[in-house]
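# Summary of the model geometry
The chain contents come next:
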Amino acid sequence: MKESSRPLEGLRILDFSTTIAGPHCSRLLADMGADVIKVESPEGDLMRSRPVQRDGASTMFGQLNAGKKSIVLDLKRPESIAAIKKLVARVDILVENYRPGVMKRLGLDYPVLAALNPRLIYCAISGYGQTGPGAGRPAYAPVIHAATGYDMAHLFYQQGRERPDNCGIFVADYASGAYAMGAILAALHQRHSTGKGQMVDVSMFETLVGMLLGEVNRAQFDFEMPSRPMYGPIEAGDGYVMLATASERTFQDMATAAGRRDWLTDPRFEKYADRRMNWGLLIDELEQWSKKMTVKEVVAALEKHGVPCSPYLTVTEALQDPQVEHRGSLCSIEDSGGSYKSPAPPFRFSGSPLQSGPKVASLGADTESVLTEAGLSASEIEALLK
C-alpha cells in the first residue's frame, strides 16, 4: 500500500441501505477509500427528501452518502435483479438494512449471492437481527430506544419526570452503523486467511442493549440506586456545568476546587459507596459554591484543578471550538445545492489519509458507467433505464 493511499482503496461495496444506519456505515467505508455503489429505487432514498433542503438537495442525505456512486434500479424487475447479480460478482462487500426476508424475496439473499461470489462479505443491519421470534418486527431507531429499555433508563435519571422524552437523535442508528463497519472489517481480515466471505448480521436491538452498561447489570441484581445520578448538571449563577468525578482523584480535585477538603473525611462522602448513595447531598453542598459564580468561573476553577467539566453548549457553539478546526472535524462536501460542512470520521491514521466526499451523487448519476463496467450492453442498460 502506498503511503498516500487510503486504507480501503481497491475495495468495492454494493450498498442497498437506506435512511441512516446502513448509509452511515458505508459512508465511513467510503471515507476510507472504498468504492461504494449505492443502489437506489427510481424514487431515491427516503433521506433525499429530508431537510435541510437547498434547491431540492438534502444536506442530511449528503452527510450520509457523500463520496458514493448512485445507480437506479427497480428491484421489482427481473432485469434489475440480473444486473445486480452481475455486479455482485465484482464486489467485495454488500450492505443492506431491509427488514429480514426482503432480500430473500428478491432473490438476493446471502446464500444466493455467496454462490455467485464466495468471497462476498454480506452485511445485513436490522432492528432485531435476522432470526428469532422478533426478527420480522418493523423498527426505526426511536422504536429500538423504547424496546431496549434505553428510554426508560434515561427517564430514571430525570428526577420528577414520568413521561419519556421525545426522540430527535437516532443513537441506535449511528451506533449500529459503526458496529457494522467494525464487523465488516473483521470479516474482511478473516477473508485474507480463509479466502471466503461470510454474512454479518447486525442487530440494532443488541447494539443498544450493549450500551446500557449499568442498567443491564442492575437488572440482574438487587442494587439500591442513589437519590440523584452521579453525572448531571450543577447550577451556576447564569447556567449549568457538567462535571465528571469518575475517580477518587477527580473527587479530591473537585473538593479542592470548591474549597471543601473537609468532604474527603466526611463519612457521607469519604468512601465511594457512601458518596454514591449520598450524591444528592454532595451536589446540594457543591451548588452552595457554584451558584455564587458564573458558568465561566466555575469551569475555570474546576479545570484549574484537573476536573473534567464543560459548559452546556449548543451545536453551533460546539462547532466553533478551536479543536474542531485543528482536528479537521468537519469536511466540505458538495451537492447540486452547493457546498456545506459535514462531520468527518472521528478517527485518523498516521500512515494514510481520509477523504470525505467531496461530491454527493445525484440520483442515478452513475447508473450507465457502473452497469457498463459490469458488462451490460448498451441495449440492456437502455432497457433498464426505461
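Structure: see above.
So, how was this worked out
Residues numbered from 1 in each chain as written. Predicted model: local features only at pLDDT ≥ 70, side-chain atom pairs only at ≥ 80, totals over all residues. Heavy atoms only, no water. Buried < 20%, exposed > 50% of the residue type's maximum accessible area, 1.4 Å probe, protein only. Helix = DSSP H or I, 4+ residues; strand = E, 2+ residues; numbered from the N terminus. Expected span 1.5 Å × (residues − 1). Pairing = 2+ DSSP bridges. Axes fitted to C-alpha atoms, helices over the stretch in contact; angles between N-to-C directions. Contact = heavy atoms within 4.5 Å. Patch = residues over 30% accessible without salt bridge, like charges linked within 9 Å, V, L, I, M, F, W, Y side chains within 5 Å. Areas by Shrake-Rupley, 256 points an atom, 1.4 Å probe, with all protein chains shown as cover. Salt bridge = Lys/Arg side-chain N within 4 Å of Asp/Glu carboxyl O. Phe/Tyr/Trp six-rings, centres within 6.5 Å; stacked < 30°, edge-to-face > 60°.

As a further point, take helix α1 (residues 21-31). Along an α-helix, a turn takes 3.6 residues, which lines up residues three or four apart on a common side. Most of α1 sits inside the fold, with 11 of its 11 residues counted as buried. Those residues of α1 that fall on the buried side of the exposure criterion are Ala21, Gly22, Pro23, His24, Cys25, Ser26, Arg27, Leu28, Leu29, Ala30 and Asp31. Backbone geometry just after α1 places Gly33 at a positive phi near 110°.

The end-to-end C-alpha distance of helix α13 (residues 279-290), which contains 12 residues, comes to 16 Å, matching closely the 16 Å that a straight helix rising 1.5 Å per residue would cover. α13 sits mainly inside the fold: 9 of its 12 residues count as buried.

Before going further, it helps to examine the environment of Gly134. Tracing the backbone shows Gly134 in the loop between β7 (121-126) and α6 (141-147). According to the relative accessible area criterion, Gly134 is buried, its value standing at 10%. Each C-alpha atom of the pair Gly134 and Ser336 lies 41 Å from the other, and the pair is 202 residues apart in sequence.

To continue, consider the sheet that holds strand β10 (residues 239-243). Sheet architecture is open: 3 strands sit in the order β9-β10-β11, paired in antiparallel fashion. This sheet does not close on itself; its edge strands, each paired only once, are β9 (233-236) and β11 (309-311). Taken pair by pair, the neighbouring strands of this sheet meet at an average axis angle of 30°, ignoring direction. Running at roughly 30° to β9, α13 makes contact with β9 and β10 of the sheet. In the packing of helix α14 (residues 295-304) onto the sheet, contacts are made with β9, β10 and β11, and the angle to β10 comes to roughly 20°.

Moving on, we get to the sheet that holds strand β6 (residues 93-96). Reading across the sheet, the 6 strands line up as β5-β2-β1-β6-β7-β8 and stay open at both edges, with parallel pairing between neighbours. Looking at which strands have only one partner, the edges of the open sheet turn out to be β5 (69-72) and β8 (199-203). Each strand of the sheet is rotated relative to its neighbour by a mean of 20°, with strand direction disregarded. In terms of strand pairing, strand β1 (residues 12-15) meets β6 through 3 bridges, oriented parallel.

On the surface, a cluster of nonpolar side chains totalling about 290 Å² of accessible area is made up of Leu46, Tyr140 and Val143. Position of Tyr140 among the secondary structure elements: in the loop between β7 and α6.

Counted according to the given criterion, the structure contains 5 aromatic pairs. Centroid distance Tyr128 to Phe205: 5.6 Å. Interplanar angle 35°. Geometry classified as tilted. Residue Tyr128 is located in the loop between β7 and α6, and its partner Phe205 is located in helix α9 (residues 204-209); the two are separated by 77 residues in the primary sequence. Overall, Tyr128 belongs to the buried group, its relative accessible area being 13%. Here Phe205 falls in the partly exposed class, since its relative accessible area comes to 26%. Ring geometry for Phe156 against Tyr157: centres 5.4 Å apart, planes inclined by 80°, an arrangement best described as edge-to-face. With a relative accessible area of 49%, Phe156 lands in the partly exposed category.

A separate point is the pairing of strand β12 (residues 330-335). Only one face of β12 is covered, namely the face carrying Cys331, Ile333 and Asp335; the face carrying Leu330, Ser332 and Glu334 is uncovered. Pairing geometry for β12 and strand β13 (residues 338-343), over 6 bridges, is antiparallel. Bridge assignment links Ser332 to a residue of β13, and that residue is Lys341. The turn linking β12 back onto β13 is made up of 2 residues.

Attention now goes to unusual backbone geometry. Here the residue pair Pro51 and Val52 is connected by a cis peptide bond, since its omega of 5° sits within 30 degrees of zero. Tracing the backbone shows Val52 in the loop between β2 (35-40) and β3 (53-54). A cis amide bond links Gly357 with the next residue in sequence, Pro358, at an omega value of 0°. Structurally, Pro358 is set in the loop between β13 and α17 (367-373). One non-glycine residue, Thr19, adopts positive backbone phi at about 55°. In this fold, Thr19 is placed in the loop between β1 and α1. In this structure Thr19 comes out as buried when scored by relative accessible area, which is 14%.

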